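An overview of the molecular structure
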Amino acid sequence: MSFNAESFIRAMPKAELHIHIEGTLEPDMMMELAKRNKVTLPHNSVEEIRTAYQFGSLQDFLDLYYAGMSVLKSERDFFDLTFAYLTRMHQENTRHVEIFFDPQGHTERGIVFNTVLDGISSALEKARKEYGISSRLIMCFLRHLSEDSAFETFSHACRCKDRIFGIGLDSSEKGHPPSKFSRVYRAARDEGFVPVAHAGEEGPSSYVCEALDDLKVKRIDHGNRALEDPLLVQRIAREQIPLTMCPLSNKRLQVCPDLTKHPLQKMLDAGLIVTINSDDPSYFGGYLTDNFLAISDALSLDRQALITLGRNAFVASFLPDHEKQKAIDDFDLFISQF
Ligand code: ADE
Ligand code: ZN
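These lines cover the structure that appears in this document, whether it is placed above or below. (Residues numbered from 1 in each chain as written. Chains lettered and ligands numbered in written order. Predicted model: local features only at pLDDT ≥ 70, side-chain atom pairs only at ≥ 80, totals over all residues. Heavy atoms only, no water.)

Digging into helix α16 (residues 303-315)
Since one α-helical turn is 3.6 residues long, residues separated by three or four positions face the same way. A rise of 1.5 Å per residue sets the reference length of α16, with its 13 residues, at 18 Å; its end C-alpha atoms lie 18 Å apart and thus fit the reference within 8%. Turning to α16, its buried residues are A305, L306, I307, L309, G310, N312, A313 and F314. (Helix = DSSP H or I, 4+ residues; strand = E, 2+ residues; numbered from the N terminus. Expected span 1.5 Å × (residues − 1). Buried < 20%, exposed > 50% of the residue type's maximum accessible area, 1.4 Å probe, protein only.)

Comments concerning the site of ligand 1
Lining the immediate surroundings of ligand 1 are H20, L58, F61, L62, Y65, D170, S171, H198, E201, H222, D279 and D280. Here E201 contributes a side-chain N or O atom positioned 2.7 Å from a nitrogen atom of ligand 1. A distance of 2.7 Å separates a nitrogen atom of ligand 1 from a polar atom in the side chain of D280. Protein chains shield 100% of the accessible area of ligand 1, which is 260 Å² for the free molecule. No other element matches the four residues that helix α4 (residues 58-68) contributes to the shell around ligand 1. Considered class by class, the residues forming the shell around ligand 1 number four nonpolar, four polar and four charged. (Near = heavy atom within 4 Å. Polar contact = N/O pair within 3.5 Å; in protein donor to acceptor, adjacent residues only side chain to side chain. Areas by Shrake-Rupley, 256 points an atom, 1.4 Å probe, with all protein chains shown as cover. Nonpolar A, V, L, I, M, F, W, Y, C, P; charged D, E, K, R; others polar.)

Focus on unusual backbone geometry
Unlike most non-glycine residues, K216 shows phi in positive territory, near 55 degrees. With respect to the helices, strands and loops of the structure, K216 is situated in the loop between α10 (205-213) and β6 (219-222). Look at Q254: it is not a glycine, yet its phi comes out positive at around 65 degrees. By the element assignment, Q254 lies in the loop between α12 (247-252) and α13 (264-269). Owing to a relative accessible area of 38%, Q254 belongs among the partly exposed residues under this scheme.

Things to note about the pattern of salt bridges
This structure, assessed with the given rule, holds 20 salt bridges. With its nearest N and O atoms 2.8 Å apart, the salt bridge here joins E147 to R183. Of the two residues, E147 sits in helix α8 (residues 147-158) while R183 sits in helix α9 (residues 182-190), which places them 36 residues apart along the sequence. Given a relative accessible area of 18%, E147 falls into the buried group. One connected set of salt bridges, linked through shared partners, spans R36, R76, D77 and D80. (Salt bridge = Lys/Arg side-chain N within 4 Å of Asp/Glu carboxyl O.)

Things to note about the packing of α16 against helix α17 (residues 321-337)
With their axes 9 Å apart at the nearest point, α16 and α17 run at an angle of 160 degrees to one another. With respect to their mutual orientation, α16 and α17 come out roughly antiparallel. The crossing of α16 and α17 is right-handed. Between α16 and α17, the residues in contact are R303, I307, G310, R311, F314 and V315 and K324, A327, I328, F331, D332 and I335, respectively. Class assignment for the residues of the contact of α16 with α17 results in seven nonpolar, one polar and four charged. (Axes fitted to C-alpha atoms, helices over the stretch in contact; angles between N-to-C directions. Parallel < 35°, antiparallel > 145°, perpendicular 65-115°, else oblique. Left-handed = near helix turned anticlockwise from the far one by under 90°. Contact = heavy atoms within 4.5 Å.)

A look at the coordination of the zinc ion (ligand 2)
All of the protein donors around the zinc ion (ligand 2) are H18 (NE2), H20 (NE2), H198 (NE2) and D279 (OD); their distances to the metal are 2.0 to 2.2 Å. Of note is the zinc ion (ligand 2), whose four donor atoms meet at the metal with angles of 85 to 173 degrees in an arrangement that counts as irregular. When the donor residues of the zinc ion (ligand 2) are listed from N- to C-terminus, their spacing reads H-x1-H-x177-H-x80-D. With H18 in strand β1 (residues 14-20) and D279 in the loop between β8 (274-276) and α14 (281-284), this residue pair connects regions lying 261 residues apart in the sequence. The exposure class assigned to H18 is buried, which follows from its relative accessible area of 0%. (Donors = N, O, S within 2.8 Å, 3.2 Å for Na, K, Ca; no water. Tetrahedral: all angles 85-135°; square planar, octahedral: opposite > 155°, others 65-115°.)

Observations regarding the environment of T260
The topology assignment puts T260 in the loop between α12 and α13. When the C-alpha atoms of T260 and A298 are compared, they prove to be 4.7 Å apart, with 38 residues separating the residues in sequence. When sequence neighbours within four positions are dropped, the list of residues in contact with T260 reads A298 and L299. Within the structure, the side chain of T260 is placed 2.7 Å from the side chain of D258, a separation counted as a polar contact.

Remarks on the pairing of strand β2 (residues 94-101)
Burial within β2 is extensive, with seven of its eight residues counted as buried. Pairing analysis gives five bridges linking β1 to β2, with the strands arranged parallel. The partner of H20 across the bridge, within β2, is F100. Here β2 runs beside strand β3 (residues 134-142); their pairing, made up of six bridges, is parallel. Each bridged residue has a counterpart across the sheet, and for F100 the counterpart in β3 is I138. (Pairing = 2+ DSSP bridges.)

Thoughts on the nonpolar core
It is characteristic of soluble globular proteins that their nonpolar side chains tend to be buried jointly. Counting residues in each nonpolar core, the largest one holds 102 residues, and the members touching the most others are F101, Y185 and L264. Looking at which element gives the most residues to this core, the answer is helix α7 (residues 113-131), with seven residues. Every residue in contact with F101, bar those within four places of it in the chain, is listed here: I21, E22, F113, V116, L117, I120, L137, I138, M139, C140 and I164. One finds F100, I138, C140 and F318 within the second-largest nonpolar core, a separate group that totals six residues. (Core = buried A, V, L, I, M, F, W, Y, C linked by side-chain atoms within 4.5 Å.)

Some thoughts on the state of the cysteines
Summed over the entire model, instances satisfying the criterion amount to zero disulfides. Distance from the sulfur of C158, which forms no disulfide, to the nearest cysteine sulfur (C160) is 9.1 Å. (Disulfide = S-S within 2.5 Å.)

Quick notes on the sheet that holds strand β4 (residues 166-170)
Strand order in the open sheet formed by eight strands is β1-β2-β3-β4-β5-β6-β7-β8, and the pairing between neighbours is parallel. Two strands in the sheet have a free side with no partner beyond their single neighbour: β1 and β8. Averaged over all neighbouring strand pairs, the angle between strand axes comes to 25 degrees, with direction disregarded. Here β6 pairs with strand β7 (residues 243-245) via two bridges, running parallel. What sits directly across from D221, in β7, is T244. Together, β5 (194-199) and β6 form the strand contacts of α10, whose direction differs from that of β5 by roughly 175 degrees.

This is the structure:
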């Protein structure tokens with residue numbers, strides 16, 4: 001029987017390592033929360049919101065992303081947002097998620113840090129109990145804001161170490177190099193937070209080097225432009241630093257407008273640990289499965305490439321060793337039976 005990539009992708013046990021919880025805010029929930037919280041939106045219908053989602057660059061998207069999150073106010077809002085994403089992930093056979101959140105996107109507009117964290121973490125706990133989905137929470141610093149603001153956010157995280165596993169760096173990349181955050185990353189590493197960072201999405205390959213050298217990250221989020229530096233590619237392969245790729249995001253933000261030209265296969269061929277993720281699914285037109293389907297279709301990925309990508313997500317996860325091994329064994333069992 002010939003290999004059916006779509007059924008394989010749908011049935012495969014999955015993990016997602018690059019997802020911004022605020023980027024899962026669907027237009028219908030945005031409208032509902034705007035009503036609940038008496039927030040005026042610039043758009044009057046779900047269709048109008050969707051039509052506005054046309055982005056020429058990362059910044060075009062970020063402007064709408066920050067505007068959209070203004071409807072999130074109460075702990076219940078953050079719970080509803082997170083649990084809706086986790087329910088979707090359960091339906092997609094996703095077993096493990098590592099979720100970014102952007103506290104400064106909320107504290108800057110007067111929302112209390114713990115309102116955000118309590119809502120998100122109670123949804124993660126409910127999904128663990130009801131769906132068996134394991135999770136890690138990664139708190140991102142907004143790189144367009146100051147180092148002082150990052151330190152203030154870090155001080156909140158220090159009081160909630162039991163619930164925040166790692167730190168990340170996101171928002172407007174160009175002009176905000178990783179080195180701007182060297183000191184807060186060092187302080188966070190000293191406190192036991194695991195570091196990751198967005199780098200080489202729009203910014204140059206030198207930002208990927210800085211993320212590795214100055215921030216000492218354990219994974220690079222995106223990293224597309226690392227390919228411009230062959231020595232850096234060799235280094236990422238040698239040090240086995242995973243890259244969390246987001247195909248539909250790359251397409252919609254014009255990082256790679258034509259997915260048939262996406263560098264994913266080249267990265268796999270170079271021995272990089274690449275994973276597939278959705279980034280901000282409600283803005284970019286698809287969740288985890290959609291991202292697998294889109295890239296598989298565009299690059300005509302074969303069964304072996306899909307297996308590698310699927311397994312990589314568990315390999316590159318921050319699960320403790322015994323849970324990671326169990327997840328990989330479950331994945332391999334699925335492969336042997338499909
Ligand atoms: N915040 C949410 N999505 C992002 C992305 N793709 N790049 C940088 N910051 C982000
Ligand atoms: Zn991202």
